[in-house]
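Residue-level structure breakdown
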Amino acid sequence: MTKILVTGGTGYIGSHTVVELQQSGYEVLIIDNLANSNIKILDQITKITGKRPEFFQMDLCDREKVFDFFSKQNDIAGAIHFAAYKAVGESSEFPLKYYKNNLFSLVNLLEAMDKAGCNNLVFSSSCTVYGQPDVLPVTEDAPVQKAESPYGNTKQISEEIIFDQSKTSDLKAISLRYFNPIGAHETALIGELPIGVPSNLVPFITQSAIGKRGKLKVWGNDYNTPDGTPIRDYIHVVDLAKAHLVALERMTNNKSEDQYEVFNLGTGKGNSVLDVILTFQKATEVNVDYEIAQRRPGDIVQVWADTRKANEVLGWKTNLELDVALKSAWEWEKNLAQGIL
Ligand code: WQD
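All chains use their own residue numbering, which begins from 1 and follows the written sequence. Where totals are concerned, whole chains, interfaces and linings use all residues; where local detail is concerned, this predicted model gives features only for residues with pLDDT of at least 70, and gives and counts side-chain atom pairs only at 80 or more. Water and hydrogen atoms were dropped before computing side-chain values, which therefore reflect all heavy atoms in the structure.

1. Focus on the overall build of the chain
Threshold: Numbering of helices and strands runs from the N terminus, with a helix taken as a DSSP run of H or I at least four residues long and a strand as a DSSP run of E at least two residues long. Radius of gyration here uses only the C-alpha atoms, and the compact-globule reference equals 2.2 Å multiplied by the residue count raised to the power 0.38. When a residue's accessible area, from a 1.4 Å probe over protein chains only, is under 20% of the maximum for its type it is buried; when over 50% it is exposed; and in between it is partly exposed.
Along its length, the chain carries eleven helices and 13 strands. For the chain, the C-alpha radius of gyration of 19 Å lies close to 20 Å, the compact-globule estimate for 341 residues. Seen through its principal axes, the chain has C-alpha atoms that stretch 55 × 45 × 40 Å. With 341 residues in all, the chain has 53% of them scored as buried.

Now the structure itself:
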């Protein structure tokens, strides 16, 4: 079987991608330092696919360990790199923690891959690189704006590091710029596992609805949008996971048009915060108790993806709607409350 390395494979998007890889016949190796994920997710993945991924608990900032790993695994066809810190707010509080972790780990991975002749990389990037776009929907050619946070800056810098490496080596790479990943696997055995108080909208909604949190605060309803609340492009995590296989196989099947390519991964539809709340209530028949609060610093007004390049060039599009994603998030939250982990 073709071997694929998934860094951060016990995390939210990583675990869903591991499931899709295994169900497509790949042998998956996971490197994760468990800084922001739970080892029990390995059991959950195994329950879904019947195959336990080979797991290496490792910090990618440990250069020696990363080189040692690749010296022993010399037949890895490609790597999907999720492992990074991703809390926007925390990154503003502790910028060096983010620059060190997210950039040192990437450089170590790239050096070790180059030495091992592993030349296919899918990189987990983010629409955050666009900041507040001037034109919507936003295309991959939109100007990358000054990052609003050190987290967003690490994504921009990482893309540049990968691009430069692809120009001077045999590396082929694809950066996938995610919009807002939400939801959980249909089995409700894996899903989003925020540590502490969720900063993202959907896990806060489900934790508030299950009684784990108080009222949802809607951070501002005085934006220049139809209902006054910010608009985002919420994409089901399973649609997102499937895109990683398509990107990987674009490279392993030598279909890439350039050594380095970038694709937006979104639905192409924008929904406001109030849309999400109302859709959640309708899909689950569960009430969300919320109050309007002050704007959250750093929030942009609205962004949603131009999906033409992903649809026409990558050959991928989303299939799962907002209500399905929100329902799946709720099923997962209920399982967590039942002590599934
Ligand atoms: C969405 C909307 C909030 C919580 C972030 C990162 C981005 C990516 C996805 C990693 C905003 C509002 C939220 C709450 C609220 N992460 N909201 N009350 O900020 O668009 O994107 O997560 O790649 O990089 O920036 O997502 O879910 O935090 O917020 O009103 O309790 O929901 O103001 O308008 P965001 P989010």
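More follows now that the structure is in view.
2. Overview of the packing of aromatic side chains
How we decide: Here is the rule: rings of Phe, Tyr and Trp (six-membered ring for Trp) pair when centre to centre is within 6.5 Å. Planes less than 30 degrees apart are stacked, more than 60 are edge-to-face, and the remainder are tilted. Geometrically, a lysine NZ or arginine CZ counts as sitting over a ring once it is within 6 Å of the ring centre and also within 35 degrees of the ring normal.
What the rule picks out here adds up to six aromatic pairs. Relative to Phe-70, the ring of Phe-69 has its centre 5.3 Å away and its plane inclined at 85°; by these criteria the two rings are edge-to-face. Accessibility assignment for this pair places Phe-69 and Phe-70 in one class, buried. Members of the aromatic cluster, each reached through a chain of ring pairs, are Phe-56, Phe-69 and Phe-70. The ring of Tyr-85 has Lys-97 lying over it, and the distance from NZ or CZ to the ring centre is 4.8 Å. When the ring centre of Phe-263 is taken as origin, the NZ or CZ atom of Lys-309, which lies over that ring, is 4.9 Å away.

3. Considerations on the site of the ligand
Quick note on the threshold: Proximity is defined per residue: if any heavy atom of the residue lies within 4 Å of a molecule or strand, that residue is considered near it. Any N or O atom pair separated by 3.5 Å or less is treated as a polar contact, with the protein-specific requirement of one donor-capable and one acceptor-capable atom, and with residues adjacent in sequence counted only for side-chain atom pairs. The domain boundaries here were taken from an automatic or database domain assignment.
Not every one of the 18 residues close to the ligand is listed here, only the nearest: Tyr-151, Leu-201, Lys-217, Arg-232 and Asp-299. Here an oxygen atom of the ligand and a side-chain polar atom of Asn-200 are 3.0 Å apart. Measuring from an oxygen atom of the ligand, one finds a backbone N or O atom of Leu-201 at 2.8 Å. If one sorts the elements of the shell around the ligand by residue count, strand 8 (residues 216-219) sits on top with four residues. Each of domain 1 (3-183 + 234-267) and domain 2 (201-231 + 269-309 + 322-337) accounts for three or more of the residues forming the shell around the ligand.

4. Observations regarding the nonpolar core
Operational definition: Take the buried Ala, Val, Leu, Ile, Met, Phe, Trp, Tyr and Cys residues and link them wherever side-chain atoms come within 4.5 Å; each set so joined is a nonpolar core. Whether two residues touch is decided by their heavy atoms; if any such pair falls within 4.5 Å, the residues are in contact.
One finds Leu-21, Leu-176 and Leu-265 to be the most contacted residues of the largest nonpolar core, which totals 36 residues. For this core, the secondary structure elements donating two or more residues are strand 1 (3-7), helix 1 (12-23), strand 2 (27-32), helix 2 (41-49), strand 6 (172-178), helix 8 (237-252), strand 11 (260-265) and helix 10 (308-314). It is helix 8 that provides the largest number of residues to this core, a total of eight residues. Those residues in contact with Leu-265 that lie beyond four places of it in its chain are Leu-176, Arg-177, Tyr-178, Phe-179, Ile-235, Leu-240, Ala-243, Leu-314 and Trp-316. Judged by nonpolar contacts, the second largest core, of 25 residues, contains Leu-29, Cys-118, Leu-121 and Phe-123.

5. Focus on helix 7 (residues 201-210)
Burial analysis of helix 7 places eight of its ten residues in the buried class, the great majority of the element. Taken residue by residue, helix 7 has Leu-201, Val-202, Pro-203, Phe-204, Ile-205, Thr-206, Gln-207 and Ser-208 as its buried positions. The inward-facing, buried residues of helix 7 contact strand 7 (180-182), strand 8, strand 10 (234-236), helix 9 (273-284) and helix 11 (322-337).

6. Looking at the domain arrangement of the chain
For clarity, the threshold we go by: Summed over both partners, buried area is the accessible surface (1.4 Å probe) that two parts give up on being assembled. When a carboxyl oxygen of Asp or Glu lies within 4 Å of a side-chain nitrogen of Lys or Arg, that pair is called a salt bridge.
Partitioning the chain into domains gives domain 1 (3-183 + 234-267) and domain 2 (201-231 + 269-309 + 322-337). On a C-alpha basis, the centres of domain 1 and domain 2 stand 26 Å from each other. Tallying the contact residues gives 19 residues for domain 1 and 22 residues for domain 2. Of the roughly 1,900 Å² buried at the junction of domain 1 and domain 2 (both faces included), carbon and sulfur atoms supply 66%. When the buried surface of domain 1 facing domain 2 is broken down by residue, Leu-136, Tyr-234 and Thr-267 rank first, second and third, together holding 30% of it. At the boundary of domain 1 with domain 2, the tally comes to zero salt bridges. Our enumeration of links across domain 1 and domain 2 arrives at six residue pairs in polar contact (both at pLDDT 80 or more). The set of elements that each furnish at least two residues to the side of domain 1 that touches domain 2 consists of strand 10 and strand 11.

7. Some thoughts on unusual backbone geometry
A cis amide bond, omega -5°, links Leu-136 with the succeeding residue Pro-137. Tracing the sequence through the fold places Pro-137 in the loop between strand 5 (120-126) and helix 6 (150-167). Here Ala-188, not a glycine, exhibits a phi torsion of approximately 55°, which is positive. Along the chain, Ala-188 falls in the loop between strand 7 and helix 7. Residue class for Ala-188 comes out buried when judged on its relative accessible area of 7%.

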